[in-house]
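Structure assessment
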Amino acid sequence: MSGYFKKRFTKIAAAAAVVMAVALPASPAMADGEPDERPDVPVGTWLAARTQPAVQLTSFTYTATVTVPSNAIDEAAYNQLVQRAAAAVAAGKIASDERSIAKWVFQEIAANVDTYVSATTPERTIDAEVGGMCTGWWITPDGYMVTGAHCVQVGETELAQLFAQKALAKLNQQDAKEIISGLGDLSNDEEIVKLAQQIYITFNTTNMKIGNLKQSLSVLQSLPGGGVDKTAKAVPAELVSVGESYPGKDFALLKVNGQQNLPTVPLGNDSDVRTGDTLYISGFPGLVTNTPFFSLESKLEPALTEGPYNATRTTQSGVPYIQTQAPSYKGNSGGPVFSKDGKVIGMLIAGTVSESGEASESESFVLPVGIIKEKLGEKNVKPAQAVTTTRYNEALNDYFRHYYEDALPKFREVQALFPNHPYVAKYISDTQQAISAGKDESPKPIMMWVLIGGGVLVAIVIVIVLAKMLGGRRRRRTAPSFASPPNGYGAVPPPPWQQLPAAPVAPPAQPAQGAYGPGGYGPYGSAPNNGNLHQGAGPYGAAAQHGHPATPHGHPAPPHGQPQPPLDGQTRNVRYGQFSPPQDGR
């Protein structure tokens, strides 16, 4: 029994191999080296997701000791001013009420502060800190960052103004309060209070001295665990190179030490864009970072704006700038500007300012990438991309195509490479949720399709073969014992365990040509030998398929390996084997 099933299971395996060989070419496959095209999402969505990890909030800070002298009103000059005020009242040039007179006096003092206010002792000292925030972006995985020159240094005049605004505000209020303290109800008059404060803003700023000046630069990074959230901290940065502020080559290069696998953005070429193309600006607008109403997480996510490339401009010193209508704001300075292909084509530097001093958000000026490459070359810094960025971009493409199972291991690899990554933890969470919700549409690998398709076909073949085997056994149990088959095709030999005839049986009459047809045992075919397949010898001969030969019309064939009674003069094709009980009626 075991030998019988072994033969048939061998044939089943052989049939399965044939099925698999046929199934392989039909399985779906993707050609190697196909370009990784942008997913079917808006350009801005795709571009923001890819570039945001490399765009960082930067800050510069100045600390100093601010010294301001005490002050006093010059009595002689003040008395003369009072006399002039009385004459003006008498002449009807000013109203005679107390408020009108006080207003006229303070206006005169504010217009000529040095005439009416003088410096005295002691000096007043204030420890102050001023600074600003801009945008920078990683250019190498080991910590080189590009930003604007005016984002890392401030001229003396502007620095004095910053310290005056920051350090002297409280002092100015105190001095103004003293000068109007004797005016009774007028000391609360809003217009007079503003005039008095303007007097001391001018005096204290003019006489202010700045000492022990120190500067520091930093980049605000998130901590391990993911997310641009309250775990972010300022990381010190070193100033490597700085150009001239706008309208010069407004470029600066920073270095943050101890970094590896940082996400970066690639540089394009000046020729990548032209008038009419859409440009994309990424950065941190001050209207968000300087507003107390937004969370720190909101402040640390860059904003993306877009607008057309309007024209190329050149400053009087010969520096080219791109004019664009992509909106920008204070704080966007130093931010990268991208083409639709996701490559940096410049850096946001400036915006137009009206005659009244108001900034225009729809006219921005971009330093071309050619200047940035020139400045990087001067320091022998070559832009590079880490595996972090490669895997992250691949994962994003899978994510946007809903290939969540393909994206998940890539996102996890990014997190392992760069634990401080600000966005990957959120993508991992979202991807896992999508998989759990049954939203994954990842394509199956070619071998999986082969195994699935081949497995189904093999299962079908096995079922068919087993059905034939079991069906034959049922027919064997119910069929009459070895009766002659109908239609005159000759007697079936008796089973081997019965007594063989004493004398040879006369050979049957030769059947007509083609009576057995292709694959039968007539003159145009040959019987299978011991269950093995053979090609027929005649012109129409063919081996029976799957190792189970059958005569035409479904009549049973001689058993595999079973002896037949010798026929007179026709013993050449008879091969005797060992006797065994009949199997499945054959």
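First, a word on scope: everything that follows refers to the structure included in this document. None of these values were measured; they are calculated from a predicted model.

Calculation criteria
- Residues numbered from 1 in each chain as written.
- Predicted model: local features only at pLDDT ≥ 70, side-chain atom pairs only at ≥ 80, totals over all residues.
- Heavy atoms only, no water.
- Helix = DSSP H or I, 4+ residues; strand = E, 2+ residues; numbered from the N terminus.
- Buried < 20%, exposed > 50% of the residue type's maximum accessible area, 1.4 Å probe, protein only.
- Areas by Shrake-Rupley, 256 points an atom, 1.4 Å probe, with all protein chains shown as cover.
- Pairing = 2+ DSSP bridges.
- Axes fitted to C-alpha atoms, helices over the stretch in contact; angles between N-to-C directions.
- Left-handed = near helix turned anticlockwise from the far one by under 90°.
- Contact = heavy atoms within 4.5 Å.
- Nonpolar A, V, L, I, M, F, W, Y, C, P; charged D, E, K, R; others polar.
- Expected span 1.5 Å × (residues − 1).
- Arc of directions from axis to C-beta.
- Salt bridge = Lys/Arg side-chain N within 4 Å of Asp/Glu carboxyl O.

Turning our eyes to something else, we now look at the overall build of the chain. Secondary structure assignment for the chain yields 15 helices and twelve strands. Counting only residues that meet the buried cut, the chain has 39% of its 586 residues in that class. Accessible surface, the chain as shown: approximately 32,300 Å² in total, 53% of it carbon and sulfur.

Let's shift gears to the pairing of strand β9 (residues 320–324). Extensive coverage of β9 is indicated by the burial of four of its five residues. As paired elements, strand β8 (residues 303–314) and β9 share five bridges and run antiparallel to each other. When the sheet's bridge partners are listed, T314 is paired in β9 with P320. Two successive antiparallel strands, β8 and β9, enclose a turn made up of five residues, where G318 displays a positive phi of approximately 90°.

With that out of the way, let us pick up the packing of helix α12 (residues 387–400) against helix α14 (residues 424–436). Here α12 crosses α14 at 35°, and the two axes come no closer than 12 Å. In terms of crossing hand, the pair formed by α12 and α14 is left-handed. Residue-level inspection shows Y392, L396 and Y399 of α12 in contact with α14, the latter providing Y427, D430 and T431. Classifying every residue of the contact of α12 with α14 gives four nonpolar, one polar and one charged.

So, about the pairing of β8. Examined bridge by bridge, strand β7 (residues 278–283) and β8 share six bridges and lie antiparallel to one another. By the bridge assignment for β8, G283 is matched with A303.

Let us look at the sheet that holds strand β2 (residues 117–138). Taken in spatial order, the six strands close into a barrel running β1-β2-β3-β6-β5-β4, and their pairing is antiparallel. When the angles between neighbouring strand axes are averaged without regard to direction, this sheet yields 40°. Two elements, strand β1 (residues 55–73) and strand β4 (residues 209–221), share ten bridges in a ladder whose sense is antiparallel. When the bridges of β4 are listed, S59 appears paired with S218. The sheet strands contacting helix α6 (residues 156–167) are β1, β2 and β4, and the helix crosses β2 at an angle near 110°.

What follows covers unusual backbone geometry. Cis peptide bonds are those with omega within 30 degrees of zero, and the linkage from T121 to P122 qualifies with 0°. Turning to its location among the elements, P122 is positioned in strand β2. Of note, the bond from Y246 into P247 is cis; its omega dihedral lies within 30 degrees of zero at 15°. On the secondary structure map, P247 appears in the loop between β5 (233–242) and β6 (252–255). Residue N380 is not a glycine yet carries a positive backbone phi of 55°.

This part covers the environment of Q173. Residue placement: Q173 occurs in helix α7 (residues 169–179). Q173 sits 20 residues away from V193 along the chain, and the two C-alpha atoms are 9.0 Å apart.

With that settled, consider α6. An ideal rise of 1.5 Å per residue puts 16 Å on twelve residues; α6 measures up with 16 Å between its terminal C-alpha atoms. Buried within α6 are the following residues: L159, F163, A164 and A167. Axial view of α6: buried residues confined to an arc of 135°, hence all on one face. Exposed side chains of α6 directed beyond 90 degrees from the buried face belong to T157 and Q165. Those residues of α6 that are buried lie in contact with β1, β2, α7, α8 (190–207) and β4.

Our focus in this paragraph is the pattern of salt bridges. Across all of its chains, the model carries 13 salt bridges by this definition. In this structure, the salt-bridge partner of R99 is D189, at a minimum N-O distance of 2.7 Å. In this pair, R99 is assigned in helix α4 (residues 98–111) and D189 in the loop between α7 and α8, connecting sequence segments 90 residues apart. The partner of R391 in a salt bridge is E394, and the shortest N-O contact between them spans 3.5 Å. Here R391 and its partner E394 are both found in helix α12, three residues apart, which amounts to about one turn of the helix. Judged by its relative accessible area of 26%, R391 is partly exposed. By relative accessible area, E394 is classed as partly exposed at 25%. What you see here is one network of salt bridges that share partners, running through R99, K103, D189 and E191.

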